[in-house]
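Okay, here's what each chain looks like letter by letter:
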Amino acid sequence: SRITYNDFYSSPTLTNVSGLVTSNNNLSVDPRFTNAPGEDFSLLPESTVINAGNPSSTYNDLDGTINQLGAYGGPLGGW
């Protein structure tokens, strides 16, 4: 299987999974967390990972939009 719809920003593991990563659905951008040092990993409104997840309606956010990449996206996300 291939890894898709992920953000590999400054990821030391990217080289370990490069054979599995498909570039067309993955990002390498700063996710723009609200306060990562304070462990608030919610996304700032200008984050490019918002609505950048899998476009299948199975994974839509609770409001019906395309999910975010990361912990706050999808039908079980808290965004």
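Up top you'll find the structure we're talking about.
Structural notes, computed from the coordinates.

Parameters and conventions
Residues numbered from 1 in each chain as written. Predicted model: local features only at pLDDT ≥ 70, side-chain atom pairs only at ≥ 80, totals over all residues. Heavy atoms only, no water. Pairing = 2+ DSSP bridges. Helix = DSSP H or I, 4+ residues; strand = E, 2+ residues; numbered from the N terminus. Contact = heavy atoms within 4.5 Å. Phe/Tyr/Trp six-rings, centres within 6.5 Å; stacked < 30°, edge-to-face > 60°. Buried < 20%, exposed > 50% of the residue type's maximum accessible area, 1.4 Å probe, protein only. Salt bridge = Lys/Arg side-chain N within 4 Å of Asp/Glu carboxyl O.

Concerning the pairing of strand 2 (residues 40-43)
Side chains on a regular strand alternate between the two faces of the sheet. Summarising the sheet, strand 1 (residues 33-35) and strand 2 pair through two bridges and their orientation is antiparallel. Its bridge partner lying in strand 2, N35 is registered against D40. A loop of four residues connects strand 1 with strand 2, the two strands running antiparallel in sequence, and E39 in this loop sits at a positive phi of about 65 degrees.

Focus: the environment of V49
Secondary-structure assignment places V49 in the segment after strand 2. For V49 and P31, which are 18 residues apart along the polypeptide, the C-alpha to C-alpha distance reads 6.0 Å. Sequence-distant contacts of V49, that is, excluding residues within four places in its chain, are made with D7, L27, V29, P31, L43, N67, Q68 and L69.

So, the packing of aromatic side chains
Inspection of every chain in the model, using the stated rule, returns one aromatic pair. With centroids separated by 5.2 Å and ring planes inclined at 85 degrees, the aromatic side chains of F33 and F41 adopt a geometry described as edge-to-face. By relative accessible area, F33 is classed as partly exposed at 34%.

Focus on the environment of T58
Structurally, T58 can be placed in the segment after strand 2. Overall, the relative accessible area of 55% leaves T58 in the exposed class. Along the primary structure T58 and G74 are separated by 16 residues, whereas in three dimensions their C-alpha atoms are 8.3 Å apart.

Concerning the pattern of salt bridges
Pairing between side chains becomes possible if they bear opposite charge and their charged atoms approach one another. Across all of its chains, the model carries one salt bridge by this definition. Residue R32 pairs with E46 through a salt bridge whose shortest N-O separation is 2.7 Å. Taken together, the positions of R32 in the loop between helix 1 (14-17) and strand 1 and E46 in the segment after strand 2 put the pair 14 residues apart, joining distant regions of the chain.

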